[in-house]
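Structural description and commentary
Residues per chain are reported as follows:
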Amino acid sequence: MSFDLTTDQLDLRARARDLASTLVADNAAEVDRTEQYPWDNVKALTDAGFMGMTVPKELGGPGRSFLEANLVVEEMASYCGPTGRIVVEGNMGAISAIIHYGTKSQQRLAADLVLAGDKPAICITEPDAGSAASLMTTRADKRGDGYIVNGKKHWITGGGVSRLHLIFARVFDEDGSELGIGGFLAIRGEAKGLRIGPREPTMGLRGIPETEVIFEDLEIPADMVLMPPSGFKRGFADLMNAYNSQRVGAGTVALGLAAGAYRNALAFAKQREQFGRPIAEFQGLQWMLADMSVQLEAARALLHKAALSAGHNGSPFPDATLAAQGKIFTSEMALKVTTDALQVFGARGYSRNYPMERLARDARMFTIGGGTAQILRTVVASRILEQKLPQTRDGFSHLAAQAERDARLEAAE
Ligand SMILES: Cc1cc2nc3c(=O)[nH]c(=O)nc-3n(C[C@H](O)[C@H](O)[C@H](O)COP(=O)(O)OP(=O)(O)OC[C@H]3O[C@@H](n4cnc5c(N)ncnc54)[C@H](O)[C@@H]3O)c2cc1C
(Lines give C-alpha, C1' and ligand atoms only; values in the text may rest on other atoms or scores of the structure.)
Protein backbone atom coordinates (compact mmCIF):
# COMPACT_ATOMS: atom_id res chain seq x y z
CA MET A 1 0.00 0.00 0.00
CA SER A 2 1.66 3.24 -1.13
CA PHE A 3 0.87 6.64 0.36
CA ASP A 4 2.58 8.54 -2.45
CA LEU A 5 0.07 10.53 -4.44
CA THR A 6 0.26 10.28 -8.22
CA THR A 7 0.69 13.38 -10.38
CA ASP A 8 -3.00 13.21 -11.25
CA GLN A 9 -3.95 13.05 -7.55
CA LEU A 10 -1.65 15.99 -6.75
CA ASP A 11 -3.33 17.95 -9.57
CA LEU A 12 -6.76 17.02 -8.22
CA ARG A 13 -5.78 18.22 -4.75
CA ALA A 14 -4.38 21.45 -6.17
CA ARG A 15 -7.63 22.09 -8.05
CA ALA A 16 -9.60 21.43 -4.88
CA ARG A 17 -7.31 23.76 -2.91
CA ASP A 18 -7.87 26.54 -5.46
CA LEU A 19 -11.65 26.35 -5.07
CA ALA A 20 -11.50 25.86 -1.29
CA SER A 21 -9.18 28.81 -0.66
CA THR A 22 -11.22 31.21 -2.81
CA LEU A 23 -15.01 30.87 -3.12
CA VAL A 24 -15.44 28.37 -0.28
CA ALA A 25 -13.19 30.33 2.10
CA ASP A 26 -14.94 33.60 1.21
CA ASN A 27 -18.40 32.14 1.96
CA ALA A 28 -17.52 30.17 5.10
CA ALA A 29 -18.28 32.72 7.84
CA GLU A 30 -21.50 33.81 6.14
CA VAL A 31 -22.69 30.23 5.70
CA ASP A 32 -22.16 29.72 9.45
CA ARG A 33 -23.83 33.02 10.41
CA THR A 34 -26.89 32.67 8.19
CA GLU A 35 -27.18 28.88 8.63
CA GLN A 36 -28.02 28.64 4.94
CA TYR A 37 -27.11 25.66 2.78
CA PRO A 38 -24.23 26.85 0.54
CA TRP A 39 -25.87 26.45 -2.86
CA ASP A 40 -23.15 28.62 -4.52
CA ASN A 41 -20.49 26.24 -3.25
CA VAL A 42 -22.54 23.24 -4.38
CA LYS A 43 -22.75 24.69 -7.90
CA ALA A 44 -18.98 25.27 -7.94
CA LEU A 45 -18.33 21.74 -6.63
CA THR A 46 -20.62 20.31 -9.29
CA ASP A 47 -19.02 22.36 -12.09
CA ALA A 48 -15.56 21.25 -10.91
CA GLY A 49 -16.64 17.58 -11.01
CA PHE A 50 -16.29 17.10 -7.22
CA MET A 51 -19.81 15.69 -6.77
CA GLY A 52 -20.18 12.09 -7.89
CA MET A 53 -16.42 11.59 -8.24
CA THR A 54 -16.78 7.96 -7.15
CA VAL A 55 -19.51 7.27 -9.74
CA PRO A 56 -18.14 4.74 -12.27
CA LYS A 57 -17.44 5.82 -15.84
CA GLU A 58 -20.23 3.64 -17.28
CA LEU A 59 -22.70 5.72 -15.23
CA GLY A 60 -21.26 9.03 -16.40
CA GLY A 61 -18.87 9.72 -13.50
CA PRO A 62 -15.07 9.83 -13.46
CA GLY A 63 -14.81 6.58 -11.45
CA ARG A 64 -12.41 7.98 -8.87
CA SER A 65 -11.41 6.24 -5.65
CA PHE A 66 -12.47 6.99 -2.07
CA LEU A 67 -8.92 8.25 -1.42
CA GLU A 68 -9.26 10.78 -4.25
CA ALA A 69 -12.66 11.96 -3.01
CA ASN A 70 -11.14 12.38 0.44
CA LEU A 71 -8.33 14.56 -0.91
CA VAL A 72 -11.06 16.98 -2.01
CA VAL A 73 -12.97 16.62 1.27
CA GLU A 74 -9.93 17.61 3.34
CA GLU A 75 -9.29 20.73 1.27
CA MET A 76 -12.92 21.90 1.47
CA ALA A 77 -13.24 21.18 5.19
CA SER A 78 -10.04 23.08 5.98
CA TYR A 79 -11.99 26.25 5.06
CA CYS A 80 -15.64 25.23 5.53
CA GLY A 81 -16.86 22.16 7.42
CA PRO A 82 -20.33 22.01 5.83
CA THR A 83 -18.82 22.10 2.32
CA GLY A 84 -16.51 19.21 3.27
CA ARG A 85 -19.53 17.25 4.45
CA ILE A 86 -21.37 17.91 1.18
CA VAL A 87 -18.43 16.39 -0.72
CA VAL A 88 -18.52 13.37 1.62
CA GLU A 89 -22.19 12.69 1.00
CA GLY A 90 -21.89 13.45 -2.72
CA ASN A 91 -19.31 10.64 -2.98
CA MET A 92 -19.72 8.21 -0.08
CA GLY A 93 -22.40 6.73 2.16
CA ALA A 94 -25.75 6.43 0.41
CA ILE A 95 -24.34 6.85 -3.10
CA SER A 96 -21.74 4.11 -2.50
CA ALA A 97 -24.39 1.73 -1.17
CA ILE A 98 -26.55 2.33 -4.27
CA ILE A 99 -23.65 2.05 -6.72
CA HIS A 100 -22.60 -1.31 -5.23
CA TYR A 101 -25.93 -2.84 -4.22
CA GLY A 102 -28.46 -1.15 -6.51
CA THR A 103 -30.11 -2.30 -9.70
CA LYS A 104 -29.01 -0.67 -12.95
CA SER A 105 -31.92 1.78 -12.84
CA GLN A 106 -31.24 2.69 -9.19
CA GLN A 107 -27.57 3.25 -9.99
CA ARG A 108 -28.45 5.52 -12.88
CA LEU A 109 -30.99 7.49 -10.87
CA ALA A 110 -28.57 8.05 -7.97
CA ALA A 111 -25.62 8.80 -10.27
CA ASP A 112 -27.59 11.41 -12.23
CA LEU A 113 -28.71 13.12 -9.02
CA VAL A 114 -25.28 13.40 -7.37
CA LEU A 115 -23.56 14.35 -10.62
CA ALA A 116 -26.08 17.22 -10.83
CA GLY A 117 -25.17 18.32 -7.28
CA ASP A 118 -27.56 16.44 -4.98
CA LYS A 119 -26.17 15.40 -1.59
CA PRO A 120 -28.21 12.33 -0.68
CA ALA A 121 -29.60 11.93 2.84
CA ILE A 122 -29.07 8.74 4.81
CA CYS A 123 -31.87 8.05 7.28
CA ILE A 124 -30.90 5.66 10.08
CA THR A 125 -31.17 7.37 13.50
CA GLU A 126 -34.46 7.57 15.38
CA PRO A 127 -35.41 9.31 18.62
CA ASP A 128 -35.24 5.98 20.50
CA ALA A 129 -32.62 4.24 18.36
CA GLY A 130 -29.33 6.17 18.22
CA SER A 131 -26.28 4.06 19.04
CA ALA A 132 -28.65 1.08 19.19
CA ALA A 133 -29.51 1.72 15.53
CA SER A 134 -30.54 -1.88 14.85
CA LEU A 135 -33.41 -1.38 17.31
CA MET A 136 -35.06 1.05 14.87
CA THR A 137 -38.85 0.91 14.70
CA THR A 138 -39.46 2.54 11.30
CA ARG A 139 -41.18 -0.25 9.40
CA ALA A 140 -41.68 -1.21 5.78
CA ASP A 141 -44.73 -3.43 5.23
CA LYS A 142 -45.03 -5.37 2.01
CA ARG A 143 -48.05 -4.39 -0.09
CA GLY A 144 -48.24 -6.04 -3.49
CA ASP A 145 -44.87 -5.63 -5.18
CA GLY A 146 -43.84 -2.64 -3.07
CA TYR A 147 -43.72 -1.46 0.54
CA ILE A 148 -45.45 1.09 2.77
CA VAL A 149 -43.03 2.84 5.14
CA ASN A 150 -44.05 4.46 8.43
CA GLY A 151 -41.86 5.95 11.14
CA LYS A 152 -39.72 8.88 12.16
CA LYS A 153 -35.98 9.58 11.81
CA HIS A 154 -34.13 12.48 13.37
CA TRP A 155 -30.76 14.23 12.96
CA ILE A 156 -30.91 13.66 9.23
CA THR A 157 -28.22 15.70 7.53
CA GLY A 158 -29.61 17.60 4.60
CA GLY A 159 -33.28 17.30 5.59
CA GLY A 160 -35.13 19.68 3.27
CA VAL A 161 -32.21 20.16 0.83
CA SER A 162 -31.38 16.58 -0.17
CA ARG A 163 -33.51 14.99 -2.86
CA LEU A 164 -32.43 11.36 -2.74
CA HIS A 165 -33.10 9.59 0.58
CA LEU A 166 -31.80 6.19 1.61
CA ILE A 167 -34.11 5.02 4.39
CA PHE A 168 -33.27 2.16 6.73
CA ALA A 169 -36.39 0.32 7.91
CA ARG A 170 -37.42 -2.92 9.57
CA VAL A 171 -39.06 -5.07 6.87
CA PHE A 172 -42.26 -7.08 7.33
CA ASP A 173 -43.84 -9.57 4.98
CA GLU A 174 -47.55 -9.42 4.06
CA ASP A 175 -48.33 -11.92 6.83
CA GLY A 176 -46.58 -9.65 9.39
CA SER A 177 -43.45 -11.77 9.83
CA GLU A 178 -40.24 -9.79 10.20
CA LEU A 179 -37.60 -10.27 7.52
CA GLY A 180 -34.76 -8.01 8.77
CA ILE A 181 -33.60 -4.50 7.88
CA GLY A 182 -33.61 -3.10 4.38
CA GLY A 183 -32.84 0.07 2.44
CA PHE A 184 -35.58 2.04 0.65
CA LEU A 185 -35.05 4.86 -1.82
CA ALA A 186 -37.30 7.91 -2.04
CA ILE A 187 -36.98 11.26 -3.76
CA ARG A 188 -38.17 14.31 -1.84
CA GLY A 189 -40.70 16.20 -3.91
CA GLU A 190 -41.76 13.09 -5.80
CA ALA A 191 -42.52 10.53 -3.10
CA LYS A 192 -45.83 11.12 -1.31
CA GLY A 193 -45.64 10.55 2.45
CA LEU A 194 -42.09 11.85 3.03
CA ARG A 195 -42.27 14.91 5.26
CA ILE A 196 -39.44 17.07 6.62
CA GLY A 197 -39.87 17.83 10.33
CA PRO A 198 -38.29 20.48 12.57
CA ARG A 199 -34.65 21.53 12.23
CA GLU A 200 -32.21 21.13 15.14
CA PRO A 201 -30.48 24.31 16.31
CA THR A 202 -26.92 22.98 16.19
CA MET A 203 -23.67 24.04 17.87
CA GLY A 204 -21.67 23.95 14.65
CA LEU A 205 -21.74 22.87 11.00
CA ARG A 206 -24.64 25.27 10.71
CA GLY A 207 -24.70 25.43 6.92
CA ILE A 208 -26.40 22.03 6.66
CA PRO A 209 -29.84 21.42 8.15
CA GLU A 210 -30.25 18.52 10.58
CA THR A 211 -33.95 17.65 10.66
CA GLU A 212 -36.53 15.08 11.46
CA VAL A 213 -37.71 13.11 8.43
CA ILE A 214 -41.15 11.56 8.83
CA PHE A 215 -42.71 8.77 6.79
CA GLU A 216 -46.50 8.64 6.67
CA ASP A 217 -47.65 5.73 4.52
CA LEU A 218 -44.74 6.42 2.22
CA GLU A 219 -45.20 4.21 -0.84
CA ILE A 220 -42.01 2.58 -2.06
CA PRO A 221 -42.44 0.81 -5.41
CA ALA A 222 -40.56 -2.46 -5.92
CA ASP A 223 -37.92 -0.78 -8.10
CA MET A 224 -36.94 1.56 -5.23
CA VAL A 225 -36.10 -1.23 -2.77
CA LEU A 226 -32.32 -1.38 -2.29
CA MET A 227 -31.82 -5.07 -1.75
CA PRO A 228 -28.69 -5.80 0.32
CA PRO A 229 -26.57 -8.58 -1.28
CA SER A 230 -27.34 -11.11 1.45
CA GLY A 231 -31.03 -10.21 1.60
CA PHE A 232 -32.96 -8.50 4.40
CA LYS A 233 -31.81 -11.00 7.02
CA ARG A 234 -28.28 -9.57 7.07
CA GLY A 235 -29.40 -6.31 5.49
CA PHE A 236 -28.31 -4.11 8.37
CA ALA A 237 -24.76 -5.52 8.32
CA ASP A 238 -24.52 -5.03 4.53
CA LEU A 239 -25.86 -1.46 4.66
CA MET A 240 -23.53 -0.55 7.54
CA ASN A 241 -20.63 -2.04 5.59
CA ALA A 242 -21.34 0.49 2.83
CA TYR A 243 -21.50 3.17 5.54
CA ASN A 244 -17.78 2.58 6.28
CA SER A 245 -17.02 4.81 3.30
CA GLN A 246 -18.91 7.65 4.98
CA ARG A 247 -17.04 7.05 8.26
CA VAL A 248 -13.74 7.62 6.50
CA GLY A 249 -15.25 10.72 4.91
CA ALA A 250 -16.48 12.06 8.26
CA GLY A 251 -13.02 11.49 9.75
CA THR A 252 -11.58 13.41 6.82
CA VAL A 253 -13.84 16.40 7.49
CA ALA A 254 -12.52 16.42 11.08
CA LEU A 255 -8.98 16.19 9.67
CA GLY A 256 -9.65 19.12 7.34
CA LEU A 257 -11.05 21.29 10.13
CA ALA A 258 -7.97 20.56 12.25
CA ALA A 259 -5.64 21.19 9.31
CA GLY A 260 -7.35 24.54 8.66
CA ALA A 261 -7.02 25.54 12.32
CA TYR A 262 -3.34 24.54 12.31
CA ARG A 263 -2.67 26.49 9.09
CA ASN A 264 -4.20 29.62 10.65
CA ALA A 265 -2.33 29.14 13.95
CA LEU A 266 1.01 28.75 12.17
CA ALA A 267 0.53 31.96 10.17
CA PHE A 268 -0.73 33.91 13.18
CA ALA A 269 2.15 32.76 15.42
CA LYS A 270 4.69 34.09 12.90
CA GLN A 271 2.98 37.45 12.57
CA ARG A 272 1.71 38.29 16.10
CA GLU A 273 4.32 39.96 18.30
CA GLN A 274 4.48 40.13 22.09
CA PHE A 275 7.48 41.05 24.27
CA GLY A 276 8.98 42.54 21.12
CA ARG A 277 9.19 39.27 19.19
CA PRO A 278 6.86 36.98 17.17
CA ILE A 279 5.02 34.60 19.49
CA ALA A 280 6.31 31.73 17.28
CA GLU A 281 9.69 32.32 19.00
CA PHE A 282 8.30 31.06 22.32
CA GLN A 283 8.98 27.40 22.96
CA GLY A 284 5.58 26.94 24.64
CA LEU A 285 3.87 27.66 21.32
CA GLN A 286 6.51 25.93 19.20
CA TRP A 287 5.79 22.66 20.95
CA MET A 288 2.04 23.12 20.62
CA LEU A 289 2.48 23.66 16.88
CA ALA A 290 4.82 20.68 16.63
CA ASP A 291 2.31 18.46 18.44
CA MET A 292 -0.44 19.62 16.08
CA SER A 293 1.67 18.68 13.06
CA VAL A 294 2.37 15.21 14.51
CA GLN A 295 -1.33 14.58 15.18
CA LEU A 296 -2.33 15.74 11.71
CA GLU A 297 0.23 13.55 9.93
CA ALA A 298 -0.80 10.49 11.97
CA ALA A 299 -4.51 11.08 11.35
CA ARG A 300 -4.00 11.62 7.62
CA ALA A 301 -1.93 8.42 7.29
CA LEU A 302 -4.57 6.38 9.13
CA LEU A 303 -7.44 7.76 7.05
CA HIS A 304 -5.59 7.29 3.77
CA LYS A 305 -4.86 3.69 4.76
CA ALA A 306 -8.56 3.19 5.57
CA ALA A 307 -9.63 4.73 2.24
CA LEU A 308 -7.12 2.60 0.32
CA SER A 309 -8.39 -0.58 1.99
CA ALA A 310 -11.56 -0.41 -0.16
CA GLY A 311 -11.59 -3.18 -2.74
CA HIS A 312 -9.43 -5.47 -0.63
CA ASN A 313 -10.64 -8.43 1.45
CA GLY A 314 -13.58 -8.96 -0.90
CA SER A 315 -15.37 -5.70 -0.07
CA PRO A 316 -15.73 -2.61 -2.26
CA PHE A 317 -15.89 -0.49 0.92
CA PRO A 318 -13.18 0.54 3.39
CA ASP A 319 -12.31 -2.03 6.04
CA ALA A 320 -14.60 -1.64 9.09
CA THR A 321 -11.76 -1.74 11.64
CA LEU A 322 -9.62 0.81 9.82
CA ALA A 323 -12.63 3.08 9.20
CA ALA A 324 -13.56 2.99 12.90
CA GLN A 325 -9.95 3.45 14.05
CA GLY A 326 -9.53 6.35 11.63
CA LYS A 327 -12.71 8.09 12.75
CA ILE A 328 -12.00 7.63 16.48
CA PHE A 329 -8.44 8.94 16.18
CA THR A 330 -9.20 11.84 13.87
CA SER A 331 -12.36 13.05 15.60
CA GLU A 332 -10.57 13.17 18.97
CA MET A 333 -7.44 14.69 17.43
CA ALA A 334 -9.55 17.45 15.86
CA LEU A 335 -10.97 18.46 19.26
CA LYS A 336 -7.45 18.94 20.64
CA VAL A 337 -5.93 20.58 17.57
CA THR A 338 -8.76 23.08 16.97
CA THR A 339 -8.74 24.05 20.68
CA ASP A 340 -4.95 24.45 20.78
CA ALA A 341 -4.97 26.45 17.55
CA LEU A 342 -7.63 28.74 19.03
CA GLN A 343 -5.35 29.19 22.07
CA VAL A 344 -2.54 30.45 19.81
CA PHE A 345 -4.84 33.32 18.77
CA GLY A 346 -5.42 34.46 22.37
CA ALA A 347 -8.58 36.59 22.73
CA ARG A 348 -8.91 36.79 18.96
CA GLY A 349 -9.42 33.02 18.92
CA TYR A 350 -12.53 33.54 21.03
CA SER A 351 -13.96 36.17 18.68
CA ARG A 352 -16.48 35.40 15.96
CA ASN A 353 -14.50 37.83 13.76
CA TYR A 354 -11.92 35.05 13.33
CA PRO A 355 -12.52 31.51 12.04
CA MET A 356 -11.02 29.70 15.07
CA GLU A 357 -14.17 29.39 17.20
CA ARG A 358 -16.15 28.20 14.16
CA LEU A 359 -13.58 25.51 13.35
CA ALA A 360 -13.62 24.33 17.01
CA ARG A 361 -17.45 24.29 17.09
CA ASP A 362 -17.61 22.42 13.79
CA ALA A 363 -15.04 19.85 14.95
CA ARG A 364 -17.06 19.03 18.08
CA MET A 365 -19.53 16.92 16.09
CA PHE A 366 -17.30 14.13 14.86
CA THR A 367 -17.03 12.06 18.05
CA ILE A 368 -20.86 11.89 17.95
CA GLY A 369 -22.41 11.69 14.46
CA GLY A 370 -21.98 8.57 12.31
CA GLY A 371 -21.17 6.30 15.27
CA THR A 372 -19.92 7.74 18.55
CA ALA A 373 -16.31 7.32 19.64
CA GLN A 374 -17.55 4.88 22.29
CA ILE A 375 -19.54 2.71 19.88
CA LEU A 376 -16.68 2.70 17.37
CA ARG A 377 -14.35 1.46 20.12
CA THR A 378 -16.78 -1.44 20.58
CA VAL A 379 -16.60 -2.08 16.81
CA VAL A 380 -12.79 -2.16 16.98
CA ALA A 381 -12.80 -4.31 20.14
CA SER A 382 -15.17 -6.83 18.59
CA ARG A 383 -12.89 -7.13 15.53
CA ILE A 384 -9.60 -7.44 17.42
CA LEU A 385 -11.11 -9.89 19.94
CA GLU A 386 -12.83 -11.72 17.07
CA GLN A 387 -16.11 -12.01 18.91
CA LYS A 388 -19.55 -10.45 18.82
CA LEU A 389 -20.04 -7.91 21.59
CA PRO A 390 -23.83 -7.41 21.80
CA GLN A 391 -24.68 -4.43 23.96
CA THR A 392 -28.18 -5.42 25.09
CA ARG A 393 -28.31 -7.18 28.48
CA ASP A 394 -29.52 -10.43 26.93
CA GLY A 395 -27.39 -10.30 23.82
CA PHE A 396 -30.18 -9.73 21.29
CA SER A 397 -29.82 -7.04 18.66
CA HIS A 398 -33.39 -7.28 17.33
CA LEU A 399 -36.53 -6.41 19.20
CA ALA A 400 -38.42 -9.10 17.29
CA ALA A 401 -35.93 -11.78 18.35
CA GLN A 402 -36.27 -10.60 21.93
CA ALA A 403 -40.08 -10.62 21.73
CA GLU A 404 -40.04 -14.11 20.21
CA ARG A 405 -37.82 -15.38 23.00
CA ASP A 406 -39.99 -13.71 25.67
CA ALA A 407 -43.11 -15.30 24.14
CA ARG A 408 -41.42 -18.73 24.13
CA LEU A 409 -40.40 -18.34 27.77
CA GLU A 410 -43.90 -17.18 28.71
CA ALA A 411 -45.46 -20.16 26.91
CA ALA A 412 -43.08 -22.53 28.69
CA GLU A 413 -43.99 -21.18 32.15
C1 LIG B 1 -24.52 16.74 13.26
C2 LIG B 1 -25.07 15.35 13.24
C3 LIG B 1 -25.44 14.79 12.02
C4 LIG B 1 -26.02 13.53 11.97
N5 LIG B 1 -26.42 13.04 10.76
C6 LIG B 1 -27.10 11.87 10.71
C7 LIG B 1 -27.65 11.41 9.47
O8 LIG B 1 -27.50 12.05 8.41
N9 LIG B 1 -28.34 10.26 9.47
C10 LIG B 1 -28.54 9.52 10.58
O11 LIG B 1 -29.19 8.49 10.50
N12 LIG B 1 -28.05 9.94 11.79
C13 LIG B 1 -27.34 11.09 11.88
N14 LIG B 1 -26.85 11.55 13.09
C15 LIG B 1 -27.15 10.80 14.30
C16 LIG B 1 -25.94 10.10 14.89
O17 LIG B 1 -25.51 9.05 14.08
C18 LIG B 1 -26.33 9.69 16.32
O19 LIG B 1 -26.40 10.90 17.06
C20 LIG B 1 -25.33 8.76 16.95
O21 LIG B 1 -25.40 7.48 16.36
C22 LIG B 1 -25.56 8.61 18.47
O23 LIG B 1 -26.87 8.41 18.79
P24 LIG B 1 -27.57 9.32 19.93
O25 LIG B 1 -27.31 10.73 19.62
O26 LIG B 1 -28.99 8.87 20.02
O27 LIG B 1 -26.79 8.99 21.28
P28 LIG B 1 -27.08 7.78 22.27
O29 LIG B 1 -27.06 6.50 21.53
O30 LIG B 1 -28.26 8.09 23.09
O31 LIG B 1 -25.78 7.83 23.17
C32 LIG B 1 -25.61 8.73 24.26
C33 LIG B 1 -24.22 8.48 24.85
O34 LIG B 1 -24.13 7.14 25.33
C35 LIG B 1 -23.03 6.46 24.74
N36 LIG B 1 -23.38 5.06 24.53
C37 LIG B 1 -24.55 4.55 24.03
N38 LIG B 1 -24.49 3.22 23.98
C39 LIG B 1 -23.26 2.86 24.45
C40 LIG B 1 -22.57 1.61 24.63
N41 LIG B 1 -23.15 0.46 24.30
N42 LIG B 1 -21.31 1.65 25.13
C43 LIG B 1 -20.72 2.82 25.46
N44 LIG B 1 -21.31 4.03 25.30
C45 LIG B 1 -22.56 4.03 24.79
C46 LIG B 1 -22.79 7.20 23.42
O47 LIG B 1 -21.45 7.02 22.97
C48 LIG B 1 -23.09 8.64 23.80
O49 LIG B 1 -21.98 9.22 24.39
C50 LIG B 1 -26.22 12.78 13.17
C51 LIG B 1 -25.81 13.34 14.39
C52 LIG B 1 -25.24 14.59 14.44
C53 LIG B 1 -24.82 15.17 15.76
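Residues numbered from 1 in each chain as written. Predicted model: local features only at pLDDT ≥ 70, side-chain atom pairs only at ≥ 80, totals over all residues.

Quick look at helix H4 (residues 81–89)
With 9 of 9 residues buried, H4 lies mostly within the body of the structure. If you check which residues of H4 are buried, you get Gly81, Pro82, Thr83, Gly84, Arg85, Ile86, Val87, Val88 and Glu89. Here the buried face of H4 lies against helix H1 (7–34), helix H2 (39–47), helix H3 (66–77), strand S3 (146–157), helix H7 (235–271) and helix H10 (356–363). (Buried ≥ 20, exposed ≤ 12 C-beta atoms within 10 Å, placed from the backbone. Helix = DSSP H or I, 4+ residues; strand = E, 2+ residues; numbered from the N terminus. Contact = placed C-beta atoms within 7 Å.)

Side note on the domain arrangement of the protein
One can read the domain layout of the protein as domain 1 (7–115), domain 2 (121–231) and domain 3 (236–384). Using only C-alpha atoms to locate each centre, domain 1 and domain 2 end up separated by 23 Å. The interface of domain 1 with domain 2 comprises 21 residues on the first partner and 20 residues on the second. When residues of the side of domain 1 that touches domain 2 are traced back to their parent elements, those giving at least two are H1, H4, helix H5 (94–101) and helix H6 (104–115). Broken down by class, the residue content of the side of domain 1 that touches domain 2 amounts to 10 nonpolar, 7 polar and 4 charged. (Domains from an automatic or database assignment. Nonpolar A, V, L, I, M, F, W, Y, C, P; charged D, E, K, R; others polar.)

Some details on the nonpolar core
Membership of the largest hydrophobic core comes to 118 residues, with the highest contact counts inside it found for Val72, Met76, Phe184 and Ala258. Top element by residues in this core is H7. It accounts for 18 residues. The residues contacting methionine 76, other than those within four sequence positions of it, are Ala16, Ala20, Val24, Thr83, Gly84, Val87 and Gly256. (Core = buried A, V, L, I, M, F, W, Y, C linked by C-beta atoms within 7 Å.)

Notes on the site of the ligand
Taken together, 21 residues lie near the ligand, and Ile124, Gly130, Ser131, Gly369 and Thr372 sit nearest. The residue inventory of the shell around the ligand, partitioned by class, reads 9 nonpolar, 11 polar and 1 charged. Taken domain by domain, the shell around the ligand gets at least three of its residues from each of domain 2 (121–231) and domain 3 (236–384). (Near = placed C-beta within 6 Å.)

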